[in-house]
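Read off the chains here:
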Amino acid sequence: MGFGDGEPGPAAGLPAVRVRLDVGYDGTGFSGWARQPGQRTVQGTLEDALARVLGLAEPPALTVAGRTDAGVHARGQVAHADLPADRWGDNGPDAARRLARLLAPDVRVHRLAPAPAGFDARFSAIWRRYAYRVCDDPSLADPLARHATLWYRSRLDIAAMNEAARECLGEHDFAAFCRRREGASTVRTLLRLDWARSGPAVAEATVLADAFCHNMVRALVGALLKVGDGSRPTGWPAQVLAAGVRDPAVPVVGPHGLCLEEVGYPADADLAGRAATARNPRTAPAPGRAVPGPARA
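(A) Fine view of the state of the cysteines. As enumerated under the stated definition, the model contains one disulfide in all. What pairs with Cys-178 in a disulfide is Cys-213, and their sulfur atoms sit 1.8 Å apart. Of this pair, Cys-178 sits in the loop between β7 (170–173) and β8 (187–199) while Cys-213 sits in the loop between β9 (202–209) and α5 (216–228), and the two are 35 residues apart along the sequence. Its relative accessible area of 1% is what places Cys-178 among the buried residues. A relative accessible area of 11% means that Cys-213 is categorised as buried. No disulfide involves Cys-168; its sulfur sits 12 Å from the nearest other cysteine sulfur, which is in Cys-178. Of the residues examined, Cys-168 reaches a relative accessible area of 1% and is grouped as buried. Left without a disulfide partner, Cys-259 is nearest to the cysteine sulfur of Cys-135, which lies 17 Å away.

Written out as structure tokens, the structure is:
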């Protein structure tokens, strides 16, 4: 839905505009993205702030590219809201600046603008890119980064972790690394999973997939840390993946090392088609099927 297209709003039957929000936040002080009664959440905070800035009687409903758990951060989160066209027309040009004055320092709307026709923050996305940061020498840990970096007890073998990670790339049923939700598919296409040093004592994972199921990144990282510290062989994560069931030996690492860095979308002309395709239920791929990912996000 685009600005001025005359389509009815979801509640009042008035013309609406679909607006895209590009958002960053420090997840430390939030109980995750999703609105929860009595809890401070990113969704609730942004919806309430939008209502104040635009003079809406009720907070608008935000649809997000990827829900984040409590403690997880974001630099490149994307959401959309369908707003009354008259309220947007009166207040939209100044909305981002007014939100910056209203919001607490741990959350920012970097960009707020009408979305292209067919845009859906969740279903139009073709990939999400996360980073997970680990300090593997506590004596060199940066205290100022403690809310965004996991401190790990052992030095990590990056080459072994990357060897193990390559065996998990492609389209698979990631049930072994996900918390199941009733009726939800756990089939995903993992496009990139690799580690690199970003400092003398910091190992950083880049994880790119078409979508993620609950706890998937944190469980994959936990399995690879076991390889990196030498307590498991390089083939172990792939064996867990093939088994298709949660393994209690796979730790789900803490949320604070995880950050949603970027969400990718197709060309404007392909947004609606991508959203329609993404809504279709996914089935498990044929055994041995793999879809190679790009070298970089």
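Moving on from the model shown.
(B) Representation of the side chain of Arg-218 within the structure. The topology assignment puts Arg-218 in helix α5. Residue Arg-218 is classed as buried on the basis of its relative accessible area of 13%. A distance of 2.7 Å separates a polar side-chain atom of Arg-218 from the backbone oxygen of Val-253. Residues within four places of Arg-218 in sequence aside, it is in contact with Asp-69, Pro-251, Val-252, Val-253, Gly-254, Pro-255 and Leu-258.

(C) View of the confidence of the model for the protein. With 91% of its residues at a pLDDT of at least 70, the protein reaches an overall mean of 91. Here residues 1–10 scores under 50 on pLDDT; set against residues more than four positions off or in separate chains, the count is 27 contacts.

(D) A look at the side chain of His-80. In this structure, His-80 sits in strand β3 (residues 73–84). Within the structure, the side chain of His-80 is placed 3.0 Å from the backbone nitrogen of Ala-121, a separation counted as a polar contact. Leaving out residues up to four positions away in the same chain, His-80 has contacts with Arg-18, Val-19, Arg-20, Leu-21, Ala-61, Leu-62, Thr-63, Phe-119, Asp-120 and Ala-121.

(E) Region of interest: the nonpolar core. If you look at the biggest cluster of nonpolar residues, it comprises 80 residues, and the most contacted ones within it are Phe-177, Trp-195 and Leu-225. In terms of residue count, α5 provides more of this core than any other element does, nine residues in total. Among all residues touching Phe-177, those that are not within four sequence positions of it are His-214, Asn-215, Met-216, Ala-219, Leu-220, Ala-223, Pro-237, Val-240, Leu-241, Arg-246 and Val-250.

(F) Fine view of the pairing of strand β5 (residues 127–135). In terms of burial, β5 is a largely internal element, eight of the nine residues being buried. The sheet contact formed by β5 and β9 spans eight bridges and is antiparallel. Paired with Val-134 across the strands is Ala-203, a residue of β9. Two elements, β5 and strand β6 (residues 150–151), share two bridges in a ladder whose sense is parallel. Across the sheet, the residue bridging to Val-134 is Leu-150, located in β6.

(G) A look at the layout of surface pockets. Taken as a whole, the largest pocket encloses approximately 1300 Å³ of empty space. Elements with a contribution of two residues or more to the lining of the largest pocket: β2 (62–64), β5, α5 and α7 (271–278). Of the residues contributing to the lining of the largest pocket, the split by class is 18 nonpolar, 13 polar and 13 charged.

(H) Geometry of a positive patch on the surface. A surface patch of positive charge is lined by Arg-67, Arg-122, Arg-179, Arg-181 and Arg-246. Considering the arrangement of structural elements, one finds Arg-246 in the loop between α6 (236–243) and β10 (258–264). We classify Arg-246 as partly exposed; its relative accessible area is 37%.

(I) Looking closely at α6. The complete set of buried residues in α6 reads Trp-236, Pro-237, Val-240 and Leu-241. For α6, the angular spread of buried residues about the axis comes to 140 degrees, placing them on one side. Opposite the buried face of α6, at more than 90 degrees from it, the exposed residues are Gln-239, Ala-242 and Ala-243. At its buried positions, α6 is contacted by α4 (158–166), β7 and α5.

Rules behind the numbers
Residues numbered from 1 in each chain as written. Predicted model: local features only at pLDDT ≥ 70, side-chain atom pairs only at ≥ 80, totals over all residues. Heavy atoms only, no water. Disulfide = S-S within 2.5 Å. Helix = DSSP H or I, 4+ residues; strand = E, 2+ residues; numbered from the N terminus. Buried < 20%, exposed > 50% of the residue type's maximum accessible area, 1.4 Å probe, protein only. Polar contact = N/O pair within 3.5 Å; in protein donor to acceptor, adjacent residues only side chain to side chain. Contact = heavy atoms within 4.5 Å. pLDDT = per-residue confidence, 0-100. Core = buried A, V, L, I, M, F, W, Y, C linked by side-chain atoms within 4.5 Å. Pairing = 2+ DSSP bridges. 1 Å grid on protein atoms, 1.4 Å probe; cavity = no way out; pocket = protein on both sides within 12 Å on 5 of 7 lines; lining within 4 Å. Points joined across faces, edges and corners; volume = space filled by probe spheres on them. Nonpolar A, V, L, I, M, F, W, Y, C, P; charged D, E, K, R; others polar. Patch = residues over 30% accessible without salt bridge, like charges linked within 9 Å, V, L, I, M, F, W, Y side chains within 5 Å. Areas by Shrake-Rupley, 256 points an atom, 1.4 Å probe, with all protein chains shown as cover. Salt bridge = Lys/Arg side-chain N within 4 Å of Asp/Glu carboxyl O. Lys, Arg positive; Asp, Glu negative; His and termini not counted. Charge placed at Lys NZ, Arg CZ, Asp CG, Glu CD. Arc of directions from axis to C-beta.

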